[in-house]
Every structure is written in structure tokens, then in C-alpha cells.
Amino acid sequence: AAATLGVEPWRRLHELLLRSYFTDNRDITSPAVLRELWDRAELPVAEIDRWRRPELIDEIVADHQEAIAEGATGVPAARLEGGEGLLVGAQPADVYRRWIERARMIATSLVGVSARP
């Protein structure tokens, strides 16, 4: 819902959600917690019920189903655009760096390679 307000509002709320869930062990599905975080992110109070919009709920459900179909079994889960496989669960930054570097090396090695029949 915060993403519909722009990138910066989304970033503020996203950071608070992650910290609340992973560090503070809070129930971020609780309406009271969500309202508190929405306020702390300094998002417009009048817009808090955006998450109840049917089109947003449909989008969230579709994203969730796609993640499951791709093999996500936990959070966070990350996939490189156009890449195969996922990184699932909290990983050190070096794991992400190696994953991205490997994808770059593969992409570079494929440049100029024509498809074989």
C-alpha cells in the first residue's frame, strides 16, 4: 500500500516492517502494529486503508503465488530478473554479492554466443 504513494514512502515503511519482524519479533499482520508503523513512517493517516483495496489484495496474492511457484519457502526470498533460482532466507551481504557477480560472469560469457539449433 505504501508503494502506491511512491518509492520513498515505500522504503520508509519497508525498513520499519523488516526491523519490526526480524529484529523486534513483532506481528506485522496486526492492524495495530501496521498503524503504528504507518505513523512512524510519516505516511498520510487518511491513506492507511489502501491495503484493503481489492486490486492491491489481488496483486499481493498473485505475487505470493508466483513466489511459491518459483520455489520460495521462506522470507526474504530474492530472484534475479531473468535468472534461475532463488536466494531464500536471511543471507550475509557477501552471498548476494557472489550471486550477482556469478550472474554477471554468466551473462558476459553468453554475449555474442548464438543459439544452437
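In what follows, the accompanying structure is described. Numbering of residues starts from 1 in each chain and follows the order in which that chain's sequence is written. The predicted nature of this model means local features are confined to residues of pLDDT at least 70 and side-chain atom pairs, given and counted, to a pLDDT of 80 or more, with totals for whole chains, interfaces and linings taken over all residues. Calculated side-chain values reflect all of the structure's heavy atoms, with hydrogen atoms and water omitted.

**Digging into the packing of aromatic side chains**
Okay, so step 1: Between 30 and 60 degrees the pair is tilted, below 30 it is stacked and above 60 it is edge-to-face, where a pair is any two Phe, Tyr or Trp rings, Trp via its six-membered ring, whose centres lie within 6.5 Å. Across all of its chains, the model carries two aromatic pairs by this definition.
Okay, so step 2: Seen from their ring centres, Tyr 21 and Phe 22 are 4.8 Å apart, and the 90 degrees between their planes marks the pair as edge-to-face.

**With respect to the layout of surface pockets**
Okay, so step 1: Here a cavity is any set of points on a 1 Å grid over the protein atoms alone where a 1.4 Å probe fits but cannot get out, and a pocket is any open set with protein on both sides within 12 Å along at least 5 of 7 lines; a residue lines the site when it has an atom within 4 Å of a point. Grid points are joined across faces, edges and corners, and a volume is the space filled by probe spheres set on the points. Volume-wise, the largest pocket comes out at about 1700 Å³.
Okay, so step 2: Lining the largest pocket are 38 residues, and of these His 14, Leu 17, Ile 60, Asp 63 and Val 75 sit closest to its centre.
Okay, so step 3: Counting from the N terminus, the helices are DSSP H or I runs at least four residues long and the strands are E runs at least two residues long. Listing elements by their share of the lining of the largest pocket, those giving two or more residues are helix 1 (7-23), helix 2 (31-40), helix 3 (54-70) and strand 1 (77-78).
Okay, so step 4: In terms of residue count, the dominant contributor to the lining of the largest pocket is helix 3 (eleven residues).
Okay, so step 5: Residue type decides the class: Asp, Glu, Lys and Arg count as charged, Ala, Val, Leu, Ile, Met, Phe, Trp, Tyr, Cys and Pro as nonpolar, and the leftover types, Gly among them, as polar. Its residues placed into classes, the lining of the largest pocket shows 26 nonpolar, six polar and six charged.
Okay, so step 6: Looking at the second largest pocket, its volume works out to about 260 Å³.
Okay, so step 7: As for the second largest pocket, its lining consists of 13 residues, and the residues nearest its centre are Gly 83, Glu 84, Arg 102, Ala 103 and Ile 106.

**Topic: unusual backbone geometry**
Okay, so step 1: With an omega dihedral of -10 degrees, the bond running from Val 75 to Pro 76 counts as a cis peptide bond.
Okay, so step 2: Tracing the backbone through its elements, the reader meets Pro 76 in the loop between helix 3 and strand 1.
Okay, so step 3: Look at Asn 25: it is not a glycine, yet its phi comes out positive at around 55 degrees.
Okay, so step 4: Examined against the element boundaries, Asn 25 turns out to sit in the loop between helix 1 and helix 2.
Okay, so step 5: For each residue, the accessible area found with a 1.4 Å probe, counting protein chains only, is set against the maximum for its type, and the residue is called buried under 20%, exposed over 50%, and partly exposed in between. By relative accessible area, Asn 25 is classed as exposed at 69%.

**Regarding the nonpolar core**
Okay, so step 1: Buried Ala, Val, Leu, Ile, Met, Phe, Trp, Tyr and Cys residues that are joined via side-chain atoms within 4.5 Å together make up what is termed a nonpolar core. Grouped together as the largest cluster of nonpolar side chains are ten residues: Ala 2, Leu 13, Leu 16, Leu 17, Val 33, Leu 37, Trp 38, Ala 41, Leu 43 and Ile 48.
Okay, so step 2: Taken together, the elements giving at least two residues each to this core come down to helix 1 and helix 2.
Okay, so step 3: By the convention used here, residues are in contact when the closest approach between their heavy atoms is within 4.5 Å. If near-sequence neighbours (up to four positions away) are discounted, Leu 16 is found in contact with Leu 37, Arg 40 and Ala 41.

**What about a negative patch on the surface?**
Okay, so step 1: Only residues whose relative accessible area exceeds 30% and that take part in no salt bridge are eligible for patches, with like-charged residues grouped when within 9 Å of each other and nonpolar side chains (Val, Leu, Ile, Met, Phe, Trp, Tyr) grouped when within 5 Å. A 1.4 Å probe and the Shrake-Rupley method give the accessible areas. Residues count as covered only by the protein chains that appear here. One speaks of a salt bridge when a side-chain nitrogen belonging to Lys or Arg is within 4 Å of a carboxyl oxygen belonging to Asp or Glu. Under this rule, positive means Lys or Arg and negative means Asp or Glu; His and the chain ends count for nothing. Where a charge lies is defined by one atom per residue type: Lys uses NZ, Arg uses CZ, Asp uses CG and Glu uses CD. Taken together, Glu 55, Asp 58, Glu 59 and Asp 63 make up a surface patch of like negative charges.
Okay, so step 2: As for its position among the elements, Glu 59 is in helix 3.

**Concerning the side chain of Ser 20**
Okay, so step 1: Checked against the element boundaries, Ser 20 lands in helix 1.
Okay, so step 2: Ser 20 sits in the buried class, given a relative accessible area of 2%.
Okay, so step 3: Polar side-chain contacts of Ser 20 include one of 2.8 Å to the backbone oxygen of Leu 16.
Okay, so step 4: Among residues more than four places away in sequence, those in contact with Ser 20 are Asn 25, Arg 26, Ile 28 and Leu 37. Each polar contact in these results corresponds to two N or O atoms within 3.5 Å; when the atoms are within protein, one needs to be able to donate a hydrogen and the other to accept it, and residues that are neighboring in sequence are counted only if both atoms are side-chain atoms.

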